[in-house]
Amino acid sequence: MQAVSDAVTERAGVQLFVKRDDLLHPTVSGNKWRKLKYLLQSLDPADSPRLLTFGGAHSNHLYALAAAGAALQVPTVGIVRGEEYAHPARETSTLRFCREQGMELHFVSREHYRQRHDPAYLQQLQSTFRATLVVPEGGTTSLALPGVRELVQETEAQLGYRPIYYAVAAGTGGTAAGILSAGAQVLAFSALKGGHFLEKEIEELLPPETCVGTLQLFTEYHQGGYGRHSPQLLAFIQKFEQEHGILLEQVYTGKLFFGLYDLLQKGYFPAGSTLVAVHTGGLQGRLPGL
Ligand SMILES: *Cc1c(COP(=O)(O)O)cnc(C)c1O
């Protein structure tokens, strides 16, 4: 955990901490480590597990699962969105890493990829690739929640109290759901355009009849959509990195801090508030030369 103080936080009278989950592991970074922990622990080597999952050509989740699979000697299969990435000339650094870790990559059209939640499609993929388990996109399953809760426990053990808010970037909403399941208040910043759907997805992930925190979802900081960025976002990231020595990336954590700083500047938080921004990692996807 790192305290972050600058002209913006001082003017707002707010205490900001960054939970440095980007430092958890060199390749299974941030929230992917949290989300995969109990899922991977649940595997029994006697069953010869073989995992199949989904992701885009820059996916932090594919990257993390490929690395974890290699470390645990569990074979992994990645279903990649976009057939064009099958061409060696289009191979991204993320996909190259996955391949080098031994992940078997299969490229599908966007149309096929869209069926990734369809049980019949999953069954077909599972038998085609002899997978024992399908891990949904982003590693978001109910087993992700206890792993994410541990970051809340660590934070509060270190601070000695519960902060008013946890701020986190959201893709599938699994991380936000995990923090909510610890009973904390969450500010979630959608990395995707039209992120309103996340509210329902997060709700569906939460175990029923438990005392969960409340969610505030911000959907206007996507910068044009998932994987998109703007000159303002890149300028913000550069300034933040220079001031605080904490690297961000343009897909998730940059948008989180961009949004959070916008709220701070608008006087959204009462003076005296304590905020913890969760650095969910993902630096493998940082724009080269950012
Ligand atoms: C995957 C990812 C997210 C999104 O997490 P969800 O649990 O899917 O909402 C946020 N930040 C980083 C760095 C990620 O890699």
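1. Quick notes on the side chain of E249
For step 1, the next point in the chain: Within the fold, E249 resides in the loop between α10 (231–244) and α11 (253–265).
For step 2, the next point in the chain: Looking at E249, its side chain comes within polar contact range of the main-chain nitrogen of V251, at 2.8 Å.
For step 3, the next point in the chain: Looking at E249, its side chain comes within polar contact range of the side chain of T253, at 2.5 Å.
For step 4, the next point in the chain: Setting aside chain neighbours within four positions, we find E249 in contact with I237, G254, G281, G282, L283 and R286.

2. Let's talk about the packing of helix α3 (residues 60–72) against helix α4 (residues 93–100)
For step 1, the next point in the chain: Close contact between α3 and α4 brings their axes to 9 Å; oriented N to C, the two are set at 15 degrees. Overall, the two elements α3 and α4 adopt an arrangement that is roughly parallel. When you trace α3 past α4, the crossing you get is left-handed. Here L62, Y63, A66 and A67 of α3 come into contact with α4, specifically with T94, L95, F97 and C98.
For step 2, the next point in the chain: Here the residues of the contact of α3 with α4 sort into seven nonpolar, one polar and no charged.

Each value, and the rule that gives it
Residues numbered from 1 in each chain as written. Predicted model: local features only at pLDDT ≥ 70, side-chain atom pairs only at ≥ 80, totals over all residues. Heavy atoms only, no water. Helix = DSSP H or I, 4+ residues; strand = E, 2+ residues; numbered from the N terminus. Polar contact = N/O pair within 3.5 Å; in protein donor to acceptor, adjacent residues only side chain to side chain. Contact = heavy atoms within 4.5 Å. Axes fitted to C-alpha atoms, helices over the stretch in contact; angles between N-to-C directions. Parallel < 35°, antiparallel > 145°, perpendicular 65-115°, else oblique. Left-handed = near helix turned anticlockwise from the far one by under 90°. Nonpolar A, V, L, I, M, F, W, Y, C, P; charged D, E, K, R; others polar.

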